[in-house]
Amino acid sequence: MTATGENQTPRMSGRGRLYVTVGGIVLAVIVAGGIIERRVHVAHLRAVAQDAAIPRVQVILPQQGPKTRTLDLPGNISAWYQAPIYAQVSGYVQMWYKDIGAKVKAGEILATIDTPGLDAQYAASKANFDVAMARYRLAEITAKRWRALQGTQAVSQQEVDVQVANAEAQQAEVEAARHEASRYAALIGFKQLVAPFDGVVTSRLADVGDYVNAGGGDVSSRGTATELFSVADVHRMRVFVSVPQDYADIISPKLEGDVSVPQYPGRVFKAKFLATARAFNAGTRTVTTELVVDNDKRELWPDSYANVHFVAPGDPDILIVHEGALVFRAQGMQVAVVDADDRIRLRNVTVGTNLGTNVQILAGIGPKDRIVNNPSAGLLEGQKVYLVGATQGYNDAAATASRGAVDRGDDVRAMPAGDGSAGDAGVRQ
């Protein structure tokens, strides 16, 4: 055996070389496919990220203002006249004659008070008057006699003047005694509590045997006094309403309101303007307004709660938008408008009257501007946005209005301003 034969390297067969070649090709395809797939995924993710970075907004169109404005406010019903009746003399309630709900006429007796102390003082004042009158008569006769002797040596002029002055003093005493007796006579008249006007007894806090003091009423265990009776004139009723400052322009002599009360569901009572305070309450920014309602059938009662419905003229020439479209920034009140290139344009606006869920826009927008509904605080000037429609069941009412716009040939991406219901809220996807 030769050395050449021992050092010779064995050669790969043709089938082996084929397997190696095919394996290399497969591995290269797998690697290349992975790289391509990764690049495709990266490009897709980049596109998705860029697309997600563009905000989705819903837009609305401004609407014309309403021809009429409605306003519902709580009101308080008061009697045309209402007076608490207090005792003007001290004593005990002898008898009461009118209970709550009783109809009374002016001057009709409500109760009588037994005043033995006052009766004694009245009798003493009359006796003092009689004494003063007797003294005056004696002084007048004496003065007359001394004046007859005037100019003689029987009396001096000084004595005559003294007697005349004494008669005048006694006359003054008579006048004082007469006024004192008249004062007690007037107090005796207050023993009877009477109705000050025609009306209804709305409260009776007096009972037989109760002690009452002058200038007050029934004295409680704590010494406080209350009225004995309360009488109300209810042939007409006053309705007091606090009107917000935004709606103060509706107040005028022509103002009318529909009054409804809980005890009469479905009933409406017509009320007319009577007076207004012409000044706002600093705490509530409302002005007290008074209306009057006829109450011939006595159906309305004092101190009732009422709902007052007003209808006032509106201004259709002033545009309105949903209040959710407003955003307040350092530059002031703004709205976000989408231009023809679907980019955000922030506009300063002047806000008018708040109509509840909508507000008047006096300046800053046009009737065809597409306004972002419920804009995000992160929207920037010139930012690209995507327009989306409504979500069914949430704001599809606005979407229905948008479909109507399609039938009219309007911009299909803009939806009219809503009325503030859940269907008017913007959706971002």
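Residues numbered from 1 in each chain as written. Predicted model: local features only at pLDDT ≥ 70, side-chain atom pairs only at ≥ 80, totals over all residues. Heavy atoms only, no water.

Asker: Give a detailed account of the overall build of the chain, specifying residues and quantitative values.
Answerer: For the chain, the count of helices and strands is five helices and 26 strands. When burial is assessed residue by residue, the chain has 34% of its 429 residues classed as buried. Put simply, of all contacts in the chain between residues at least 6 apart along the chain, 76% involve residues at least 24 apart. Split by element, the accessible area of the chain, about 25,600 Å² in all, is 54% carbon and sulfur. (Helix = DSSP H or I, 4+ residues; strand = E, 2+ residues; numbered from the N terminus. Buried < 20%, exposed > 50% of the residue type's maximum accessible area, 1.4 Å probe, protein only. Contact = heavy atoms within 4.5 Å. Areas by Shrake-Rupley, 256 points an atom, 1.4 Å probe, with all protein chains shown as cover.)

Asker: Break down helix α4 (residues 157–189) for me, citing the residues and quoting the values.
Answerer: Since the α-helix packs 3.6 residues into each turn, any two residues three or four apart lie on the same face. Taking 1.5 Å as the rise per residue, α4 with 33 residues should run 48 Å; its terminal C-alpha atoms sit 48 Å apart, in good agreement. Residues V160, Q163, A167, Q170, V174, A177, A181 and Y184 constitute the buried set of α4. (Expected span 1.5 Å × (residues − 1).)

Asker: Quick one: what's the story with helix α3 (residues 116–148), residue by residue and with numbers?
Answerer: Between its terminal C-alpha atoms α3 stretches 48 Å, which fits the 48 Å expected from 33 residues at 1.5 Å a residue. Burial in α3 covers these residues: L118, S125, F129, A132, M133, A139 and A143. Looking at the packing, one finds that the buried side of α3 touches α4.

Asker: An account of a nonpolar patch on the surface is requested, with residue identities and associated values reported.
Answerer: On the surface, L18, Y19, V22, V26 and I30 cluster together into a nonpolar patch covering about 510 Å² of accessible area. Along the chain, the position of I30 falls in helix α2 (residues 14–52). For I30, a relative accessible area of 56% gives the class exposed. (Patch = residues over 30% accessible without salt bridge, like charges linked within 9 Å, V, L, I, M, F, W, Y side chains within 5 Å. Salt bridge = Lys/Arg side-chain N within 4 Å of Asp/Glu carboxyl O.)

Asker: Tell me about the packing of α3 against α4, and please be specific about residues and values.
Answerer: Here α3 crosses α4 at 160 degrees, and the two axes come no closer than 8 Å. Taken as axis vectors, α3 and α4 run roughly antiparallel relative to one another. Of the two possible hands of crossing, α3 and α4 adopt the one that is left-handed. Here the contact of α3 with α4 is composed, by residue class, of 19 nonpolar, eight polar and nine charged. (Axes fitted to C-alpha atoms, helices over the stretch in contact; angles between N-to-C directions. Parallel < 35°, antiparallel > 145°, perpendicular 65-115°, else oblique. Left-handed = near helix turned anticlockwise from the far one by under 90°. Nonpolar A, V, L, I, M, F, W, Y, C, P; charged D, E, K, R; others polar.)

Asker: Pulling in residues and values, what's your account of the packing of aromatic side chains?
Answerer: What the rule picks out here adds up to four aromatic pairs. A centroid spacing of 5.9 Å and a plane angle of 45 degrees characterise the contact between Y81 and F197, whose relative ring orientation is tilted. Of this pair, Y81 sits in strand β4 (residues 68–85) while F197 sits in the loop between β8 (192–194) and β9 (199–204), and the two are 116 residues apart along the sequence. Judged by relative accessible area, F197 falls into the buried class, the value being 17%. Aromatic rings pair up to connect W80, Y81 and F197 into one cluster. (Phe/Tyr/Trp six-rings, centres within 6.5 Å; stacked < 30°, edge-to-face > 60°.)

Asker: So, the pattern of salt bridges: which residues are in play, and what are the values?
Answerer: Per the counting criterion, the structure on display carries 13 salt bridges. Between D258 and K270 there is a salt bridge; the shortest N-O distance is 2.8 Å. Here D258, found in strand β14 (residues 256–260), pairs with K270, found in strand β15 (residues 269–276); they are 12 residues apart in sequence, far enough to count as distant. Taking the relative accessible area as the measure of exposure, K270 reaches 59% and is therefore exposed. E299 is the salt-bridge partner of R267, the closest N and O atoms lying 2.9 Å from each other. You can see R267 sitting in the loop between β14 and β15 and its partner E299 sitting in the loop between β16 (286–294) and β17 (304–313), a full 32 residues away along the chain. With relative accessibility at 34%, the residue R267 sits in the partly exposed group. In the salt-bridge network here, residues are joined through shared partners; they are D339, R345 and E381.

Asker: Outline the nonpolar core, listing residues and values.
Answerer: Membership of the largest hydrophobic core comes to 28 residues, with the highest contact counts inside it found for I77, V239, I250, V259 and F310. Contributing elements (two or more residues each) for this core: β4, β13 (229–244), β15, β16 and β17. The greatest single-element share of this core, amounting to six residues, is contributed by β13. Look past the residues within four positions of V239 in its chain and what remains in contact with it is N76, I77, V259, T289, E290, L291, V293 and V308. Ranked by size, the runner-up nonpolar core spans 20 residues in total, among them L110, I113, V201 and F229. (Core = buried A, V, L, I, M, F, W, Y, C linked by side-chain atoms within 4.5 Å.)

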